[in-house]
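# Summary of structural features
What follows is the residue order along each chain.
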Amino acid sequence: MSTQAPNPALTTTSDGFLLHGAPFRILSGALHYFRVHPDQWTDRLRKARLMGLNTVETYIPWNLHQPEPGTLDLEGLLDLPRFLRLAAAEGLHVLLRPGPFICAEWDGGGLPHWLTTDPDIRLRSSDPRFTDIIDRYLDLLLPPLLPYMAASGGPVIAVQVENEYGAYGDDTDYLKHLEHAFRERGIEELLFTCDQTAGDHLKNGTLPGVLATGTFGSRVDESLERLREAQPEGPLMCSEFWIGWFDHWGGPHHGRDAENAAADLDRLLSAGASVNIYMFHGGTNFGYTNGANHHHAYVPTITSYDYDAPLTESGDPGPKYHAFREVLARHTQLPEEPTPLPSPKLPPTAVELTTYTPLLPLARTPVHAKDPVTADEMSQRAGYTLYRTTAPTPGPGLLHFAGGVGDRAQVFLDGAPVGVLERERYDETLPVHVPRADAVLEVLVENMGRVNYGPRIGVPKGLLGPVTLNGRPVQGWDCHALPLETTPDPASFTKSEPICAEPAFHHGTFEVETPADTFLSLPGWTKGQAWINGFHLGRYWNRGPQRTLYVPAPVLRSGANDLVLLELHGTTTPQAHLTDTPDLGPKGP
């Protein structure tokens, strides 16, 4: 079979790979640069090599690299060229998965919100309105990456076309367009598709002349057999060997027994297949980057993407690291270097939060509308939206939100909380008691993460329809976009009240002698966001399973450090805690 352009570094034989003409087996681990602090990339890459891997794999999140049409962000957490240089310096090859759709339990599956909310575009199809936008994106993305392709002496030996497309559609013309788009823009390396091996996924998602790979976590022999049926010759490769899983808020913390996963890895390698372990190191959904699933109901993914991976969220070797290293030793030559040790941790520290500022009065520059407009209509990818009007009549009543909320709404009357609504979790009607005529009605809506898989990608956020009180329209809204990607200046905060029951930012400082990894624990707090020294750690919620947020050592500094919490429901405790032990909840199935 032919799966390559004229001069790729990685080529295929009837049953394997050649790299620069020599037999080669891909022993890869997934490591998403955008889920790891850039100052820790070198550490994670070195630990991949020391486990016995020769390759790392990463997605490319379109939505962050191109927050607006015509732009390209390659800075900081998104400095992919730097990540590729560091991988090469460590002697690792790279599998690049640019999508355009990546899933990855990532906000919107990586598709930009400004694209997915356009109702006239057929996503992930040969619709020219979609493919033209992809082409313009690739025109910006690929030129700075070409120097890192193996054809130019770089580490990238293969590039993926789309991602598990067979689970979504069967538009071969779309896949062909992507293949040609990569080739026309200078990608000479081997191209591959990846699909689940069940059902018609391989049939629908593969492309003639492009290497087909499978995704699975068990039933190794059966899965390889299906892959071979779909592709009679060529290398066998599991491009996502699932060795753990991700968690949803309110669900269990998933885990997989290390010995069980190692046995399946050995079975896979003993069959002569290549592998990409998903995940080798999961990392963290920092900021507002977690995705959500929506099969029977909407369920958002937690901040941690630990995945029960060989390398924990904080980069420490876990049970799977050692078990997989023993398996890999039977199939490859391991580096003659010591096995890495856990990183130092900050001593347990209590943080007093002494000042605060209420959130709702901070809203400025509204969009005025008869009925509420969605967050997407205000061009907001993530964060919060605030809707403000006056209630038409006093007394008891039923407040109804036609179309529901996206995704979680807190309702206030004259500043007092009166209830919470969640997308599909509760009824869209809320009983209230309006204290007086023209009472101020406020609805604060939180975007909990955009759906990353299936046909519901692009479902809007905010209030999703008109509002009525006892059947009468409530109109004349001030609609505020609150992206809250950064916090107000803590110098503007005032001394905290003994009991604060309104949405507010809280600030405290703590001293650090030598920066080290730590974990933020918030007993007594309910739900919100956390920042340390301006770095957005992500979302916390006492619903669990996650009880601590990972704080990377490079976020801290010697001396005074700032902690800011956006607490949505108020707290009776003035303290937060930094601990040396993560708590992601007890492991379930």
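Summary of the structure given here. If you're wondering where the values come from, they're calculated on a predicted model, not measured in any experiment.

## What about the overall build of the protein chain?
Across its full length, the protein chain carries 10 helices and 36 strands. Over its C-alpha trace the protein chain gives a radius of gyration of 25 Å, about what one expects of a compact globule, namely 25 Å for 589 residues. Judged by the C-alpha coordinates and their principal axes, the protein chain covers about 80 × 55 × 40 Å. Within the protein chain, the proportion of its 589 residues that are buried is 60%. For the protein chain, long-range pairs separated by at least 24 residues make up 79% of all intrachain contacts whose partners lie at least 6 apart in sequence. On the protein chain, roughly 21600 Å² of surface is accessible, and the fraction owed to carbon and sulfur atoms is 52%. Put simply, the protein chain has 45 plus and 71 minus side-chain charges, and the middle of one group is 2 Å from the middle of the other.

## Considerations on the environment of His-32
Structurally, the position occupied by His-32 is in the loop between strand S4 (27-31) and helix H1 (41-51). In this structure, the C-alpha to C-alpha distance between His-32 and Gly-283, residues 251 residues apart in sequence, is 7.6 Å. Discounting chain neighbours no more than four positions away, the residues touching His-32 are Glu-57, Thr-58, Tyr-59, Tyr-278, Met-279 and His-281.

## Regarding the pairing of strand S5 (residues 55-59)
Within S5, 5 of the 5 residues are buried, which leaves it mostly tucked inside the rest of the structure. Every second residue of S5 is oriented toward a common face, with Thr-55, Glu-57 and Tyr-59 on one face and Val-56 and Thr-58 on the other, all of them buried. In this structure, S4 lies alongside S5, joined through 3 bridges in parallel fashion. Bridging across to S5, Ser-28 finds its partner in Thr-55.

## What about unusual backbone geometry?
That bond from Tyr-278 to Met-279 is cis: its omega, -5°, falls within 30 degrees of zero. Position of Met-279 among the secondary structure elements: in strand S12 (residues 274-281). In this structure, Pro-545 follows Gly-544 across a cis peptide bond, with omega equal to 10°. Along the chain, Pro-545 turns up in the loop between strand S32 (535-541) and strand S33 (548-551). Positive phi is not limited to glycine here, since Arg-124 has a value of about 50°. Taking the relative accessible area as the measure of exposure, Arg-124 reaches 3% and is therefore buried. In the Ramachandran plot, Arg-219 falls in the positive-phi region, its phi being about 45° despite a non-glycine side chain. According to the relative accessible area criterion, Arg-219 is exposed, its value standing at 62%.

## Thoughts on the sheet that holds S5
Overall, parallel pairing links the 8 strands, which are arranged S4-S5-S6-S7-S8-S9-S10-S12 in a closed barrel. Adjacent strand axes in the sheet meet at a mean angle of 30° when their direction is disregarded. Sheet topology note: the S5/strand S6 (residues 93-97) ladder contains 5 bridges and is parallel. In the sheet register, Thr-58 faces S6, and the bridge partner there is Leu-96. With respect to the sheet, H1 is in contact with S4, S5 and S12, its orientation differing from that of S12 by roughly 135°. Sheet strands touched by helix H9 (residues 258-270): S4, strand S9 (211-216), strand S10 (237-242) and S12. Its angle to S10, the strand with the most contacts, is close to 180°.

## A few points about helix H5 (residues 128-141)
For H5, built from 14 residues, the straight-helix expectation of 20 Å at 1.5 Å per residue is met to within 8% by its first-to-last C-alpha distance of 19 Å. Close packing links the buried residues of H5 with helix H2 (62-65), helix H4 (113-116) and helix H6 (172-184). Two to three positions downstream of the cap, the backbone nitrogen of Arg-129 sits 2.9 Å from a side-chain oxygen, assigning the N-cap of H5 to Asp-127.

## Some points on the packing of aromatic side chains
Inspection of every chain in the model, using the stated rule, returns 22 aromatic pairs. Taking the centre distance of 5.3 Å and the plane angle of 55° together, the rings of Tyr-165 and Tyr-174 count as tilted. For Tyr-165, a relative accessible area of 3% gives the class buried. Tyr-174 gets classed as buried once you look at its relative accessible area, which sits at 0%. A centroid spacing of 6.5 Å and a plane angle of 80° characterise the contact between Tyr-387 and Trp-477, whose relative ring orientation is edge-to-face. Residue Tyr-387 is found in strand S17 (residues 384-390), and its partner Trp-477 is found in strand S27 (residues 477-482); the two are separated by 90 residues along the sequence.

## Focus: the packing of H5 against H6
Following both chains from N to C, one finds H5 and H6 inclined at 20°, their axes separated by 11 Å at the closest point. As summarised for this structure, H5 and H6 are arranged roughly parallel, according to the angle between their axes. Seen from above, H5 lies across H6 with right-handed handedness. Here Phe-130, Thr-131, Ile-134, Asp-135 and Leu-138 of H5 come into contact with H6, specifically with Tyr-174, His-177, Leu-178, Ala-181 and Phe-182.

## Let's talk about the side chain of Asp-306
Within the secondary structure layout, Asp-306 lies in the loop between strand S14 (298-300) and helix H10 (319-329). We note that Asp-306 is buried and unpaired, the nearest opposite charge coming from Lys-587 at a distance of 6.3 Å. Among the polar contacts made by the side chain of Asp-306, one reaches the main-chain amide nitrogen of Glu-313 at a distance of 2.9 Å. Here Asp-306 is in contact with His-253, Gly-282, Gly-283, Thr-312, Glu-313 and Leu-584, once residues within four sequence places are set aside.

## Observations concerning the layout of surface pockets
In this structure, the largest pocket spans a volume of roughly 680 Å³. What lines the largest pocket is a set of 24 residues, among which Leu-64, Leu-78, Thr-289, Arg-381 and Glu-485 lie closest to the centre. Going through the elements one at a time, H2 and S32 are the ones with two or more residues in the lining of the largest pocket. Here the lining of the largest pocket is composed, by residue class, of 9 nonpolar, 10 polar and 5 charged. Estimated volume of the second largest pocket: approximately 410 Å³. Taken together, 22 residues line the second largest pocket, and the ones lying closest to its centre are Glu-105, Trp-245, Phe-246, Asn-293 and Tyr-453. Each residue belonging to the lining of the second largest pocket can be placed in one class, and the counts come to 12 nonpolar, 7 polar and 3 charged.

## Some details on the packing of H1 against H10
Relative orientation of the contacting elements H1 and H10 amounts to 45°, with a least axis distance of 9 Å. The angle between H1 and H10 falls in the class oblique. Contact with H1, carried on its side by Lys-47, Leu-50 and Met-51, involves Tyr-321, Phe-324, Arg-325 and Leu-328 of H10 and no other residues of that element. Looking at the contact of H1 with H10 residue by residue, the class counts come to 5 nonpolar, no polar and 2 charged.

Calculation notes
- Residues numbered from 1 in each chain as written.
- Predicted model: local features only at pLDDT ≥ 70, side-chain atom pairs only at ≥ 80, totals over all residues.
- Heavy atoms only, no water.
- Helix = DSSP H or I, 4+ residues; strand = E, 2+ residues; numbered from the N terminus.
- Rg over C-alpha atoms; globule rule 2.2 N^0.38 Å.
- Buried < 20%, exposed > 50% of the residue type's maximum accessible area, 1.4 Å probe, protein only.
- Contact = heavy atoms within 4.5 Å.
- Areas by Shrake-Rupley, 256 points an atom, 1.4 Å probe, with all protein chains shown as cover.
- Lys, Arg positive; Asp, Glu negative; His and termini not counted.
- Charge placed at Lys NZ, Arg CZ, Asp CG, Glu CD.
- Pairing = 2+ DSSP bridges.
- Axes fitted to C-alpha atoms, helices over the stretch in contact; angles between N-to-C directions.
- Expected span 1.5 Å × (residues − 1).
- Polar contact = N/O pair within 3.5 Å; in protein donor to acceptor, adjacent residues only side chain to side chain.
- Phe/Tyr/Trp six-rings, centres within 6.5 Å; stacked < 30°, edge-to-face > 60°.
- Parallel < 35°, antiparallel > 145°, perpendicular 65-115°, else oblique.
- Left-handed = near helix turned anticlockwise from the far one by under 90°.
- Salt bridge = Lys/Arg side-chain N within 4 Å of Asp/Glu carboxyl O.
- 1 Å grid on protein atoms, 1.4 Å probe; cavity = no way out; pocket = protein on both sides within 12 Å on 5 of 7 lines; lining within 4 Å.
- Points joined across faces, edges and corners; volume = space filled by probe spheres on them.
- Nonpolar A, V, L, I, M, F, W, Y, C, P; charged D, E, K, R; others polar.

Taken by themselves, the reported measurements are silent on function.
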